[in-house]
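Structural characterization, general
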Amino acid sequence: MTLQGDALKDAIGQTRAKWGWFVGLGVLLLILGVIAFGNLFIATVASVYVVGWLMLMAGIIEIMHAFGVKTWSRFLYWLLSGLLYAVAGFFAFYNPLLASAVLTFLLAVALLASGVLRAWVGYKHRPEKGWGWLVAAGVISALAGLVIAMGWPVNSVWVLGLFLAVDLIFQGWAFIAVGLALKK
């Protein structure tokens, strides 16, 4: 057996010994997903706070980076970019409802655009196997974007929370499945 094969087998063996952690994490994520489903508004605010925190941190890092560049034009670019990120992050904490409306609108636009693009790419690859699945996935994404856009801004108080809840539940089930597969 090759050196890479031995390393992979060793890594799988070590991971297999930790199967319980995968299941435990999956159960925790599943519980958090159910809690998020229980109050989509709080889950939406929590997701806005996470995005705000990430934007604030990115802004601070870009501002620090600005002081490390050598030319004025690059300095100003990084400084302004960092300030915009930091202000947007602060804004998410200051007014999470308005930030959720903005993020929900951006989500609708992104789903619509990516869905149309995916459907178009699938349609262009008609002779190939599986092209219909790509078109179907694109149409579903585009329809999801349209549904969100049509309910906007009223649905902004729960859409992000719904996405968070669904993601937590799917991640939970995935970790449980991986952990149980590792146990076997």
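Summary of the structure given here. Every chain is numbered on its own, with residues counted from 1 as its sequence reads. Two thresholds apply to this predicted model, a pLDDT of at least 70 for residue-level local features and 80 or more for giving and counting side-chain atom pairs, whereas whole-chain, interface and lining totals are computed over all residues. Note that the side-chain values use all heavy atoms of the structure and ignore hydrogens as well as water.

Moving on to helix 5 (residues 96–124). We count a stretch as a helix when DSSP gives it H or I for four or more residues in a row; a strand needs E for two or more, and each element gets its number in order from the N terminus. To estimate how far a helix should reach, multiply one less than its number of residues by 1.5 Å. Its 29 residues give helix 5 an end-to-end C-alpha distance of 41 Å, which sits within 8% of 42 Å, the value for a rise of 1.5 Å per residue. Turning to helix 5, its buried residues number three or more, namely Pro96, Ala99, Ser100, Ala101, Thr104, Leu107, Ala108, Leu111, Gly115, Ala119 and Gly122. Residue burial is assigned from relative accessible area. The probe radius is 1.4 Å, only protein chains are included, and a residue is buried under 20% of its type maximum, exposed over 50%, and partly exposed in between.

This part is about the environment of Ile176. Here Ile176 shows up in helix 7 (residues 159–183). What makes Ile176 buried here is its relative accessible area of 11%. Through-space distance from the C-alpha of Ile176 to that of Leu30 is 9.2 Å; in sequence the pair is 146 residues apart. Should any heavy atoms of two residues lie within 4.5 Å, those residues are counted as being in contact. Non-local contacts of Ile176, meaning those with residues more than four positions away in its chain, are made with Phe22, Val23, Gly26, Val27 and Leu30.

Turning our eyes to something else, we now look at the packing of aromatic side chains. Whether two aromatic rings pair depends on their centres lying within 6.5 Å, for rings of Phe, Tyr and Trp, where Trp uses its six-membered ring; planes under 30 degrees apart make the pair stacked, over 60 edge-to-face, and the rest tilted. This model, assessed by the stated rule, comprises six aromatic pairs. Their ring planes at 75 degrees and their centres at 5.1 Å tell us that Tyr77 and Trp78 sit as a pair that is edge-to-face. Owing to a relative accessible area of 26%, Trp78 belongs among the partly exposed residues under this scheme. Here, over-ring charges are defined by two tests on the NZ atom of lysine or the CZ atom of arginine: distance to the ring centre within 6 Å, and angle to the ring normal within 35 degrees. One residue, Arg126, lies across the ring of Tyr123, its end atom 4.1 Å from the ring centre.

For the pair helix 3 (residues 40–66) and helix 4 (residues 72–94), interaxial distance at closest approach is 7 Å and the crossing angle is 160 degrees. By the angle between their axes, helix 3 is roughly antiparallel relative to helix 4. Helix 3 and helix 4 meet at a crossing whose hand is left-handed. Ten residue types, Ala, Val, Leu, Ile, Met, Phe, Trp, Tyr, Cys and Pro, are classed as nonpolar, four, Asp, Glu, Lys and Arg, as charged, and the remainder, Gly among them, as polar. Classifying every residue of the contact of helix 3 with helix 4 by side-chain character gives 18 nonpolar, six polar and one charged. Helix axes use the C-alpha atoms of the stretch in contact, all axes being lines fitted to C-alpha atoms, and the angles between their N-to-C directions lie in the range 0 to 180 degrees. Roughly parallel refers to an angle under 35 degrees, roughly antiparallel to one over 145, roughly perpendicular to one between 65 and 115, and oblique to any angle outside these ranges. Handedness of a helix crossing follows the sense of rotation of the near helix relative to the far helix, less than a right angle counterclockwise being left-handed and clockwise being right-handed.

That is the geometry; function is a separate question.
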